[in-house]
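What follows is the residue order along each chain.
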Amino acid sequence: MPAITFIHPDGKSERVETADGESAMQTATRHGLDGILAECGGNAMCATCHVYVDDAWLARLPAAADDEDALLDGTASERLPNSRLSCQIKITPELDGLVVKLPERQV
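So, how was this worked out
Residues numbered from 1 in each chain as written. Predicted model: local features only at pLDDT ≥ 70, side-chain atom pairs only at ≥ 80, totals over all residues. Heavy atoms only, no water. UniProt positions renumbered as here; feature names shortened; annotations may be inferred. Helix = DSSP H or I, 4+ residues; strand = E, 2+ residues; numbered from the N terminus. Rg over C-alpha atoms; globule rule 2.2 N^0.38 Å. Areas by Shrake-Rupley, 256 points an atom, 1.4 Å probe, with all protein chains shown as cover. Contact = heavy atoms within 4.5 Å.

Going by the annotation in an unreviewed UniProt entry, the name recorded for the chain is Ferredoxin, 2Fe-2S, with Bradyrhizobium shewense given as the source organism. Here is the UniProt Sequence similarities (unreviewed entry) comment for the chain, exactly as written: "Belongs to the adrenodoxin/putidaredoxin family." As stated in UniProt under Cofactor (unreviewed entry), the record for the chain gives "[2Fe-2S] cluster".

Attention shifts here to the overall build of the chain. On a plain count of helices and strands, the chain comes out with three helices and five strands. Order of helices (α) and strands (β) in the chain, N terminus to C terminus: β-β-α-β-α-α-β-β. Its C-alpha atoms give the chain a radius of gyration of 12 Å, within 12% of the compact-globule value 13 Å for 107 residues. Once the C-alpha set of the chain is aligned to its principal axes, its extents read approximately 35 × 30 × 25 Å. Accessible surface for the chain amounts to roughly 5500 Å². Of this, 48% is attributable to carbon and sulfur atoms.

Once that is clear, we can look at the environment of I36. Structurally, the position occupied by I36 is in the loop between helix 1 (24-30) and strand 3 (50-53). Residues I36 and L95 lie 59 residues apart in sequence; the distance between their C-alpha atoms is 19 Å. The residues contacting I36, other than those within four sequence positions of it, are M25, A28, T29, T48, C49, H50, V51, S86, L102 and Q106.

This is the structure we're talking about:
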């Protein structure tokens, strides 16, 4: 089973199991991780699942769609080049071991 490592703002890392086809946001909420609010339930209508993708993994993800890109302009924490919405990161076998950092705040 694939896994994702979430790095909390305090530096604590938490590795959790996920499933192929599940989003990184769904994985975080299913495991009760603090830092992913997911107010829209993964419908790409808010930015409360904002994460920073580890640079080593960024090139393995598909490019952000226009709607995701627009939402990232309104994140509560600073938008960086590796910012993504975790609801738009669909887990595949190639993403086993994905590392993402949670921002300081989502709202």
